[in-house]
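These are the residues of each chain, in order.
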Amino acid sequence: MILVTGATGSIGRHLVRRLAAENVEFTALVRTAAAGRSLGCPYVVGDFDDPDSLAAAFGPRGRVSRLLLNSAGAVPVPDGTPQPMVRRQLAAIDAARAAGVERVVKVSAFGAAPGGRLAVGAHGEIERYLKRSELSWSMLRPNGFMQNFATGDGGYVRDGALVGHFGAGRVAYVDARDIAACAAVLLTGDRGAGEVFVPTGPEALTHREIARRLGLGFRDIPAAEAAAELRVRGLPDGFVADLVWLWEDMAAGGLSVLTEDVRALTGRTPRTFDDWLADGRP
Ligand SMILES: NC(=O)c1ccc[n+]([C@@H]2O[C@H](COP(=O)([O-])OP(=O)(O)OC[C@H]3O[C@@H](n4cnc5c(N)ncnc54)[C@H](OP(=O)(O)O)[C@@H]3O)[C@@H](O)[C@H]2O)c1
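Residues numbered from 1 in each chain as written. Predicted model: local features only at pLDDT ≥ 70, side-chain atom pairs only at ≥ 80, totals over all residues. Heavy atoms only, no water.

### Topic: the side chain of Gln83
- Checked against the element boundaries, Gln83 lands in the loop between strand S4 (66-69) and helix H4 (84-98).
- On the basis of relative accessibility, which here comes to 12%, the residue Gln83 falls in the buried class.
- With residues up to four places along the chain from it excluded, the contact list for Gln83 reads Gly73, Ala74, Val75, Val77, Ala122 and Phe239. (Helix = DSSP H or I, 4+ residues; strand = E, 2+ residues; numbered from the N terminus. Buried < 20%, exposed > 50% of the residue type's maximum accessible area, 1.4 Å probe, protein only. Contact = heavy atoms within 4.5 Å.)

### Some thoughts on the site of the ligand
- Lining the immediate surroundings of the ligand are 25 residues, of which Thr8, Ser10, Arg31, His123 and Asn148 lie closest.
- Taking Ala72, its main chain carries an N or O atom lying 3.3 Å from an oxygen atom of the ligand.
- In the environment of the ligand, an oxygen atom lies 2.8 Å from a nitrogen or oxygen atom belonging to the side chain of Asn148.
- If you list the elements that add at least two residues to the shell around the ligand, you get H4 and helix H5 (118-132). (Near = heavy atom within 4 Å. Polar contact = N/O pair within 3.5 Å; in protein donor to acceptor, adjacent residues only side chain to side chain.)

### What to know about the sheet that holds S4
- The sheet built from 7 strands is open, its strands ordered S3-S2-S1-S4-S5-S6-S10 with parallel pairing. Where the open sheet ends on each side, the last strands, each with one partner, are strand S3 (43-45) and strand S10 (195-197). Here the strands of the sheet are splayed against their neighbours by 20° on average, with no regard to which way each runs.
- Most of the contacts of helix H1 (residues 12-21) go to strand S2 (residues 26-30), to which it runs at about 160°, and overall it touches strand S1 (2-4), S2 and S4.
- Where helix H7 (residues 176-188) meets the sheet, its contacts fall on S1, S4, strand S5 (103-107), strand S6 (136-140) and S10, and the angle it forms with S4 comes to roughly 155°. (Pairing = 2+ DSSP bridges. Axes fitted to C-alpha atoms, helices over the stretch in contact; angles between N-to-C directions.)

### Structural notes on H4
- Spanning 15 residues, H4 covers 21 Å between terminal C-alpha atoms, matching the ideal 21 Å at 1.5 Å per step.
- Residues of H4 that are buried: Pro84, Met85, Val86, Gln89, Ala92, Ile93, Ala95 and Ala96.
- Looking one or two residues beyond H4, the residue adopting positive phi is Gly100, at roughly 75°. (Expected span 1.5 Å × (residues − 1).)

### Observations regarding the UniProt feature "domain: NAD(P)-binding" (unreviewed entry) in the chain
- According to UniProt, the positions carrying the feature "domain: NAD(P)-binding" (unreviewed entry) are residues 6-184.
- Counted over residues 6-184, helix gives 38% and strand 17%. Its end C-alpha atoms are 14 Å apart. (UniProt positions renumbered as here; feature names shortened; annotations may be inferred.)

### Some words on the packing of helix H9 (residues 223-232) against helix H10 (residues 237-251)
- Where H9 meets H10, the axes come as close as 9 Å, and the angle between the chain directions of the two elements is 140°. Looking at the two axes, H9 sits oblique to H10. In this structure, H9 meets H10 at a crossing whose hand is right-handed. Across from Ala223, Ala226, Ala227, Leu230 and Arg231 in H9, the residues of H10 making contact are Asp237, Val240, Leu243, Val244, Trp247 and Glu248.
- Considered class by class, the residues forming the contact of H9 with H10 number 8 nonpolar, no polar and 3 charged. (Parallel < 35°, antiparallel > 145°, perpendicular 65-115°, else oblique. Left-handed = near helix turned anticlockwise from the far one by under 90°. Nonpolar A, V, L, I, M, F, W, Y, C, P; charged D, E, K, R; others polar.)

### Details of the layout of surface pockets
- By volume, the second largest pocket amounts to about 250 Å³.
- As for the second largest pocket, its lining consists of 17 residues, of which Thr81, Pro82, Gln83, Leu118 and Asp242 are closest to the centre.
- At the level of secondary structure, the elements contributing two or more residues to the lining of the second largest pocket comprise H5 and H10.
- It is H5 that provides the largest number of residues to the lining of the second largest pocket, a total of 4 residues.
- Of the residues that constitute the lining of the second largest pocket, the class distribution is 7 nonpolar, 6 polar and 4 charged. (1 Å grid on protein atoms, 1.4 Å probe; cavity = no way out; pocket = protein on both sides within 12 Å on 5 of 7 lines; lining within 4 Å. Points joined across faces, edges and corners; volume = space filled by probe spheres on them.)

### Quick notes on the sheet that holds strand S7 (residues 156-158)
- Pairing is mixed in the open sheet, where 3 strands are placed in the order S7-S8-S12. With one partner strand each, in any of the chains shown, S7 and strand S12 (217-220) form the two edges of the open sheet. For this sheet, the mean inter-axis angle between neighbouring strands, taken without regard to orientation, is 35°.
- When strand S8 (residues 161-164) meets S12, the two strands line up parallel, connected through 4 bridges. Counted as the bridge partner of Gly164 is Asp220 from S12.

### Notes on the pattern of salt bridges
- One pass over the structure, following the stated rule, counts 18 salt bridges.
- One salt bridge connects Arg66 with Glu102, and the closest N-O pair in it is separated by 3.0 Å. Taken together, the residues span a long stretch of sequence, with Arg66 in strand S4 and Glu102 in the loop between H4 and S5 at a distance of 36 residues.
- On the accessibility criterion, Arg66 (8% relative accessible area) is buried.
- Among the residues examined, Glu102 registers a relative accessible area of 41% and is labelled partly exposed.
- Of the charged contacts in the structure, one is a salt bridge between Arg177 and Asp175, with a shortest N-O distance of 2.7 Å.
- Classification of Arg177 by relative accessible area gives buried; the value is 13%. (Salt bridge = Lys/Arg side-chain N within 4 Å of Asp/Glu carboxyl O.)

Rendered as C-alpha coordinates:
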(Lines give C-alpha, C1' and ligand atoms only; values in the text may rest on other atoms or scores of the structure.)
Protein backbone atom coordinates (compact mmCIF):
# COMPACT_ATOMS: atom_id res chain seq x y z
CA MET A 1 0.00 0.00 0.00
CA ILE A 2 1.26 3.47 -0.96
CA LEU A 3 0.24 6.61 0.95
CA VAL A 4 0.27 9.74 -1.22
CA THR A 5 0.45 13.05 0.62
CA GLY A 6 -0.06 16.42 -1.05
CA ALA A 7 -2.54 14.51 -3.22
CA THR A 8 -4.58 17.58 -4.17
CA GLY A 9 -1.49 19.54 -5.27
CA SER A 10 0.32 20.13 -8.51
CA ILE A 11 2.16 16.78 -8.49
CA GLY A 12 -0.20 14.76 -6.30
CA ARG A 13 -3.33 15.18 -8.42
CA HIS A 14 -1.49 13.76 -11.45
CA LEU A 15 0.14 11.01 -9.41
CA VAL A 16 -3.14 9.66 -8.01
CA ARG A 17 -4.65 9.56 -11.51
CA ARG A 18 -1.62 7.67 -12.79
CA LEU A 19 -1.58 5.16 -9.90
CA ALA A 20 -5.32 4.54 -10.32
CA ALA A 21 -4.85 3.95 -14.07
CA GLU A 22 -2.07 1.46 -13.29
CA ASN A 23 -4.29 -0.36 -10.73
CA VAL A 24 -1.78 0.28 -7.98
CA GLU A 25 -3.00 -0.04 -4.40
CA PHE A 26 -2.77 3.41 -2.81
CA THR A 27 -4.53 5.87 -0.53
CA ALA A 28 -4.46 9.67 -0.80
CA LEU A 29 -4.03 11.69 2.38
CA VAL A 30 -6.30 14.73 2.16
CA ARG A 31 -7.28 17.40 4.64
CA THR A 32 -11.04 17.19 4.04
CA ALA A 33 -13.44 14.49 2.94
CA ALA A 34 -14.70 16.87 0.22
CA ALA A 35 -11.17 16.99 -1.24
CA GLY A 36 -11.01 13.19 -1.16
CA ARG A 37 -14.36 12.84 -2.94
CA SER A 38 -13.29 15.29 -5.62
CA LEU A 39 -10.15 13.24 -6.29
CA GLY A 40 -12.34 10.19 -6.85
CA CYS A 41 -9.78 7.72 -5.45
CA PRO A 42 -9.35 5.92 -2.11
CA TYR A 43 -8.53 8.53 0.53
CA VAL A 44 -8.01 9.07 4.23
CA VAL A 45 -8.51 12.39 5.99
CA GLY A 46 -5.46 13.65 7.90
CA ASP A 47 -3.22 16.64 8.52
CA PHE A 48 0.53 16.89 9.08
CA ASP A 49 -0.27 19.24 11.97
CA ASP A 50 -2.35 16.57 13.74
CA PRO A 51 -0.15 13.63 14.84
CA ASP A 52 -3.13 11.43 15.75
CA SER A 53 -4.61 11.81 12.29
CA LEU A 54 -1.23 10.98 10.75
CA ALA A 55 -0.88 7.80 12.82
CA ALA A 56 -4.43 6.82 11.85
CA ALA A 57 -3.67 7.46 8.17
CA PHE A 58 -0.79 4.96 8.26
CA GLY A 59 -2.94 2.45 10.13
CA PRO A 60 -1.53 -0.71 11.71
CA ARG A 61 2.24 -1.25 11.46
CA GLY A 62 3.24 -2.58 8.06
CA ARG A 63 0.04 -1.59 6.25
CA VAL A 64 1.70 1.27 4.34
CA SER A 65 4.94 0.21 2.66
CA ARG A 66 5.76 3.38 0.73
CA LEU A 67 5.11 7.07 1.31
CA LEU A 68 5.10 9.98 -1.12
CA LEU A 69 6.17 12.84 1.16
CA ASN A 70 4.94 16.11 -0.29
CA SER A 71 3.33 19.25 1.07
CA ALA A 72 3.12 22.98 0.36
CA GLY A 73 6.43 24.79 -0.21
CA ALA A 74 7.83 27.94 1.37
CA VAL A 75 5.24 30.43 2.65
CA PRO A 76 5.66 33.98 3.99
CA VAL A 77 6.56 33.72 7.69
CA PRO A 78 7.66 36.42 10.13
CA ASP A 79 11.43 37.02 10.02
CA GLY A 80 13.39 34.44 12.00
CA THR A 81 10.54 31.90 11.98
CA PRO A 82 11.19 28.44 10.48
CA GLN A 83 9.15 27.28 7.50
CA PRO A 84 6.16 25.20 8.75
CA MET A 85 6.92 22.64 6.03
CA VAL A 86 9.92 21.46 8.08
CA ARG A 87 7.89 20.74 11.22
CA ARG A 88 5.15 19.07 9.17
CA GLN A 89 7.37 16.78 7.11
CA LEU A 90 9.52 15.80 10.11
CA ALA A 91 6.29 14.74 11.86
CA ALA A 92 5.32 12.69 8.80
CA ILE A 93 8.75 11.00 8.75
CA ASP A 94 8.37 10.12 12.46
CA ALA A 95 4.90 8.71 11.77
CA ALA A 96 6.24 6.71 8.82
CA ARG A 97 8.99 5.21 10.97
CA ALA A 98 6.53 4.30 13.71
CA ALA A 99 4.27 2.68 11.11
CA GLY A 100 7.04 0.51 9.66
CA VAL A 101 7.12 2.19 6.25
CA GLU A 102 9.80 0.71 4.02
CA ARG A 103 10.58 3.60 1.63
CA VAL A 104 9.89 7.33 1.57
CA VAL A 105 9.91 9.11 -1.79
CA LYS A 106 10.37 12.76 -0.93
CA VAL A 107 9.47 15.71 -3.15
CA SER A 108 12.29 18.12 -2.42
CA ALA A 109 13.61 21.05 -4.46
CA PHE A 110 16.44 21.82 -6.87
CA GLY A 111 19.64 22.52 -4.93
CA ALA A 112 18.20 21.49 -1.54
CA ALA A 113 20.78 22.16 1.18
CA PRO A 114 20.48 22.80 4.92
CA GLY A 115 20.94 26.49 5.69
CA GLY A 116 19.74 27.57 2.23
CA ARG A 117 16.97 30.08 1.67
CA LEU A 118 13.26 29.45 1.21
CA ALA A 119 12.30 25.91 0.16
CA VAL A 120 15.95 25.10 -0.64
CA GLY A 121 16.92 25.30 3.04
CA ALA A 122 13.70 23.76 4.35
CA HIS A 123 14.01 20.76 2.04
CA GLY A 124 17.69 20.47 2.89
CA GLU A 125 16.81 20.10 6.57
CA ILE A 126 14.06 17.58 5.86
CA GLU A 127 16.32 15.55 3.56
CA ARG A 128 18.99 15.44 6.27
CA TYR A 129 16.45 14.21 8.83
CA LEU A 130 15.16 11.56 6.44
CA LYS A 131 18.67 10.36 5.57
CA ARG A 132 19.45 10.00 9.27
CA SER A 133 16.30 7.95 9.92
CA GLU A 134 16.39 4.19 9.38
CA LEU A 135 14.02 4.56 6.46
CA SER A 136 14.94 3.81 2.89
CA TRP A 137 14.55 6.97 0.76
CA SER A 138 14.58 8.49 -2.70
CA MET A 139 14.72 12.25 -3.29
CA LEU A 140 13.10 14.08 -6.18
CA ARG A 141 14.64 17.55 -6.45
CA PRO A 142 12.69 19.14 -9.31
CA ASN A 143 13.38 22.46 -10.94
CA GLY A 144 10.56 25.07 -10.94
CA PHE A 145 7.17 23.76 -12.09
CA MET A 146 5.51 24.96 -15.32
CA GLN A 147 2.34 24.88 -13.24
CA ASN A 148 3.61 27.98 -11.37
CA PHE A 149 2.42 29.96 -14.39
CA ALA A 150 -1.13 28.74 -13.75
CA THR A 151 -1.09 29.30 -9.97
CA GLY A 152 0.54 32.74 -10.10
CA ASP A 153 3.78 31.57 -8.43
CA GLY A 154 5.78 32.20 -11.61
CA GLY A 155 6.05 35.96 -11.15
CA TYR A 156 3.34 38.55 -11.09
CA VAL A 157 1.37 39.90 -14.00
CA ARG A 158 0.68 43.60 -14.26
CA ASP A 159 -0.84 45.51 -17.20
CA GLY A 160 -0.58 42.42 -19.38
CA ALA A 161 3.13 41.85 -18.67
CA LEU A 162 5.03 39.22 -16.68
CA VAL A 163 7.00 41.25 -14.15
CA GLY A 164 10.06 40.16 -12.16
CA HIS A 165 13.79 40.40 -11.70
CA PHE A 166 14.62 37.58 -14.10
CA GLY A 167 17.12 39.12 -16.51
CA ALA A 168 17.99 36.88 -19.44
CA GLY A 169 18.65 33.83 -17.23
CA ARG A 170 17.23 30.54 -18.49
CA VAL A 171 15.18 28.19 -16.32
CA ALA A 172 14.53 24.53 -17.15
CA TYR A 173 10.94 24.50 -15.85
CA VAL A 174 9.49 21.00 -15.57
CA ASP A 175 5.90 19.81 -16.01
CA ALA A 176 4.58 18.46 -12.68
CA ARG A 177 3.10 15.56 -14.68
CA ASP A 178 6.65 14.41 -15.39
CA ILE A 179 7.56 14.67 -11.70
CA ALA A 180 4.47 12.57 -10.93
CA ALA A 181 5.62 10.00 -13.48
CA CYS A 182 9.04 9.83 -11.81
CA ALA A 183 7.40 9.47 -8.39
CA ALA A 184 5.20 6.63 -9.68
CA VAL A 185 8.28 4.69 -10.84
CA LEU A 186 10.01 5.15 -7.48
CA LEU A 187 6.89 4.25 -5.49
CA THR A 188 6.04 1.11 -7.40
CA GLY A 189 9.37 -0.47 -8.37
CA ASP A 190 12.76 -1.44 -7.01
CA ARG A 191 14.71 1.47 -8.44
CA GLY A 192 16.10 4.54 -6.73
CA ALA A 193 16.80 3.57 -3.11
CA GLY A 194 19.29 6.06 -1.65
CA GLU A 195 19.35 8.10 -4.89
CA VAL A 196 18.68 11.75 -5.68
CA PHE A 197 16.91 12.64 -8.95
CA VAL A 198 16.63 16.12 -10.46
CA PRO A 199 13.66 16.30 -12.85
CA THR A 200 13.92 19.20 -15.30
CA GLY A 201 12.18 20.09 -18.51
CA PRO A 202 13.87 19.34 -21.87
CA GLU A 203 14.76 23.00 -22.55
CA ALA A 204 15.71 26.08 -20.57
CA LEU A 205 13.74 29.22 -21.47
CA THR A 206 14.14 32.87 -20.55
CA HIS A 207 11.17 34.56 -18.90
CA ARG A 208 10.83 36.75 -21.97
CA GLU A 209 10.35 33.56 -24.05
CA ILE A 210 7.90 32.21 -21.49
CA ALA A 211 5.93 35.47 -21.40
CA ARG A 212 5.63 35.37 -25.21
CA ARG A 213 4.28 31.82 -25.04
CA LEU A 214 1.77 32.94 -22.39
CA GLY A 215 0.63 35.83 -24.61
CA LEU A 216 2.04 38.36 -22.15
CA GLY A 217 4.49 41.21 -22.38
CA PHE A 218 7.64 41.08 -20.28
CA ARG A 219 9.05 43.66 -17.90
CA ASP A 220 12.33 42.98 -16.19
CA ILE A 221 12.83 45.20 -13.14
CA PRO A 222 15.90 45.81 -10.98
CA ALA A 223 16.26 43.91 -7.68
CA ALA A 224 15.51 46.98 -5.54
CA GLU A 225 12.27 47.71 -7.46
CA ALA A 226 11.24 44.05 -7.22
CA ALA A 227 11.82 44.12 -3.45
CA ALA A 228 9.79 47.33 -3.09
CA GLU A 229 6.88 45.82 -5.07
CA LEU A 230 6.88 42.69 -2.92
CA ARG A 231 6.99 44.73 0.30
CA VAL A 232 3.94 46.72 -0.85
CA ARG A 233 2.14 43.36 -1.05
CA GLY A 234 2.70 42.99 2.72
CA LEU A 235 5.42 40.33 2.61
CA PRO A 236 7.90 40.29 5.52
CA ASP A 237 11.36 41.76 4.81
CA GLY A 238 13.18 38.42 5.18
CA PHE A 239 10.82 36.67 2.78
CA VAL A 240 11.18 39.51 0.27
CA ALA A 241 14.98 39.26 0.46
CA ASP A 242 14.75 35.50 -0.09
CA LEU A 243 12.48 35.87 -3.13
CA VAL A 244 14.76 38.47 -4.67
CA TRP A 245 17.71 36.13 -4.04
CA LEU A 246 15.79 33.39 -5.92
CA TRP A 247 15.15 35.73 -8.85
CA GLU A 248 18.81 36.75 -8.89
CA ASP A 249 19.79 33.09 -8.95
CA MET A 250 17.46 32.56 -11.93
CA ALA A 251 18.86 35.66 -13.67
CA ALA A 252 22.38 34.29 -13.21
CA GLY A 253 21.40 31.00 -14.85
CA GLY A 254 21.46 29.00 -11.61
CA LEU A 255 18.32 27.06 -12.63
CA SER A 256 19.20 26.46 -16.28
CA VAL A 257 20.71 22.98 -15.91
CA LEU A 258 19.13 20.21 -17.99
CA THR A 259 19.18 16.64 -16.70
CA GLU A 260 18.29 13.25 -18.18
CA ASP A 261 16.54 12.11 -14.99
CA VAL A 262 12.95 12.16 -16.29
CA ARG A 263 13.97 10.08 -19.29
CA ALA A 264 16.14 7.76 -17.16
CA LEU A 265 13.28 7.03 -14.76
CA THR A 266 10.26 7.05 -17.06
CA GLY A 267 11.76 6.15 -20.44
CA ARG A 268 10.22 9.18 -22.11
CA THR A 269 11.31 12.71 -22.96
CA PRO A 270 10.05 15.36 -20.54
CA ARG A 271 7.28 17.62 -21.81
CA THR A 272 8.08 21.05 -23.23
CA PHE A 273 6.46 24.30 -22.14
CA ASP A 274 4.56 24.26 -25.44
CA ASP A 275 3.26 20.73 -24.64
CA TRP A 276 2.02 22.01 -21.29
CA LEU A 277 0.25 24.96 -22.91
CA ALA A 278 -1.26 22.80 -25.67
CA ASP A 279 -2.67 20.41 -23.05
CA GLY A 280 -4.52 23.29 -21.35
CA ARG A 281 -2.03 24.05 -18.55
CA PRO A 282 -2.99 20.99 -16.41
N1 LIG B 1 6.40 25.04 -7.32
C2 LIG B 1 7.66 24.86 -7.67
O3 LIG B 1 8.17 25.45 -8.63
C4 LIG B 1 8.51 23.92 -6.88
C5 LIG B 1 9.80 23.62 -7.34
C6 LIG B 1 10.57 22.69 -6.63
C7 LIG B 1 10.05 22.08 -5.50
N8 LIG B 1 8.79 22.40 -5.09
C9 LIG B 1 8.25 21.72 -3.90
O10 LIG B 1 7.15 20.94 -4.30
C11 LIG B 1 6.26 20.79 -3.19
C12 LIG B 1 4.84 21.06 -3.67
O13 LIG B 1 4.72 22.44 -3.90
P14 LIG B 1 3.47 23.09 -4.59
O15 LIG B 1 3.65 24.56 -4.47
O16 LIG B 1 3.30 22.50 -5.95
O17 LIG B 1 2.29 22.67 -3.65
P18 LIG B 1 1.09 21.71 -4.00
O19 LIG B 1 1.62 20.32 -4.10
O20 LIG B 1 0.34 22.24 -5.17
O21 LIG B 1 0.14 21.85 -2.75
C22 LIG B 1 0.52 21.43 -1.46
C23 LIG B 1 -0.16 20.13 -1.06
O24 LIG B 1 0.18 19.86 0.30
C25 LIG B 1 -1.03 19.68 1.04
N26 LIG B 1 -0.84 20.17 2.41
C27 LIG B 1 -0.49 21.43 2.77
N28 LIG B 1 -0.46 21.52 4.12
C29 LIG B 1 -0.77 20.30 4.61
C30 LIG B 1 -0.93 19.76 5.92
N31 LIG B 1 -0.73 20.52 7.00
N32 LIG B 1 -1.27 18.46 6.04
C33 LIG B 1 -1.49 17.68 4.94
N34 LIG B 1 -1.37 18.14 3.67
C35 LIG B 1 -1.02 19.44 3.51
C36 LIG B 1 -2.07 20.50 0.30
O37 LIG B 1 -3.36 20.07 0.67
P38 LIG B 1 -4.63 21.08 0.62
O39 LIG B 1 -5.24 20.89 -0.75
O40 LIG B 1 -5.50 20.59 1.71
O41 LIG B 1 -4.12 22.47 0.85
C42 LIG B 1 -1.68 20.19 -1.14
O43 LIG B 1 -2.16 18.93 -1.54
C44 LIG B 1 6.75 21.76 -2.12
O45 LIG B 1 7.44 21.06 -1.11
C46 LIG B 1 7.69 22.68 -2.86
O47 LIG B 1 8.70 23.22 -2.06
C48 LIG B 1 8.02 23.29 -5.75
